[in-house]
Structure formats: structure tokens, C-alpha cells
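Now for the letters of each chain:
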Amino acid sequence: MTVRLFVTSAGTLIFVWLATTYFRVVPMDSYLRSAAPAVSVAGAEPELAGTNVEGPAYALRAETPLER
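Structure report, in brief. The structure displayed is predicted, hence computed values, not measured ones.

1. Overview of the overall build of the protein chain
So, step 1. Check the secondary structure of the protein chain and you find two helices and zero strands.
So, step 2. Out of the 68 residues belonging to the protein chain, those deemed buried represent 0%.
So, step 3. By element, 64% of the accessible surface of the protein chain is carried by carbon and sulfur atoms, the whole surface being about 7,300 Å².

2. Here we look at the packing of aromatic side chains
So, step 1. As enumerated under the stated definition, the model contains one aromatic pair in all.
So, step 2. An angle of 75° between the planes, with centres 5.3 Å apart, marks the rings of Tyr22 and Phe23 as edge-to-face.
So, step 3. Its relative accessible area of 39% is what places Tyr22 among the partly exposed residues.

3. A closer look at the environment of Thr8
So, step 1. Note on placement: Thr8 falls in helix H1 (residues 3-25).
So, step 2. Judged by relative accessible area, Thr8 falls into the partly exposed class, the value being 47%.
So, step 3. For Thr8, the side chain forms a polar contact with the main-chain oxygen of Arg4, separated by 2.8 Å.

Calculation notes
- Residues numbered from 1 in each chain as written.
- Predicted model: local features only at pLDDT ≥ 70, side-chain atom pairs only at ≥ 80, totals over all residues.
- Heavy atoms only, no water.
- Helix = DSSP H or I, 4+ residues; strand = E, 2+ residues; numbered from the N terminus.
- Buried < 20%, exposed > 50% of the residue type's maximum accessible area, 1.4 Å probe, protein only.
- Areas by Shrake-Rupley, 256 points an atom, 1.4 Å probe, with all protein chains shown as cover.
- Phe/Tyr/Trp six-rings, centres within 6.5 Å; stacked < 30°, edge-to-face > 60°.
- Polar contact = N/O pair within 3.5 Å; in protein donor to acceptor, adjacent residues only side chain to side chain.

So this is what it looks like as C-alpha cells:
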């Protein structure tokens, strides 16, 4: 057996093993479902939650040691 034949057959066997394992373990719903298209209304302005009309559009927040 030559090195080239060994590497090719070993690579093919590993690929088949990985593909078989993937299709057996991963549920079918996760790789057959297509993503739903995003729908937006023309002319509608997005709402910004938590913004202050008089203040800036961002807020600085101090981090406490418990939140780290």
C-alpha cells in the first residue's frame, strides 16, 4: 500500500464517519429548516427602548463587584 492510497482512504473513512455521526446525532429540524425572512413596515420608525428625550441616547453604568 502506498502512502498516497493510505492517506486518501484514511481521509475518506474519517469523512464518512464524521458525516454519519453528524446526521445521527444532530436533529433533522436543525439543518433542514430555512431561515424566515425579516419583515419590516415601510415608513415605520423603530422605537428605542430606555432612551431619555432630554438626555443623551446612552447611559453610563457603574459595575459592581457582584456583576463581574
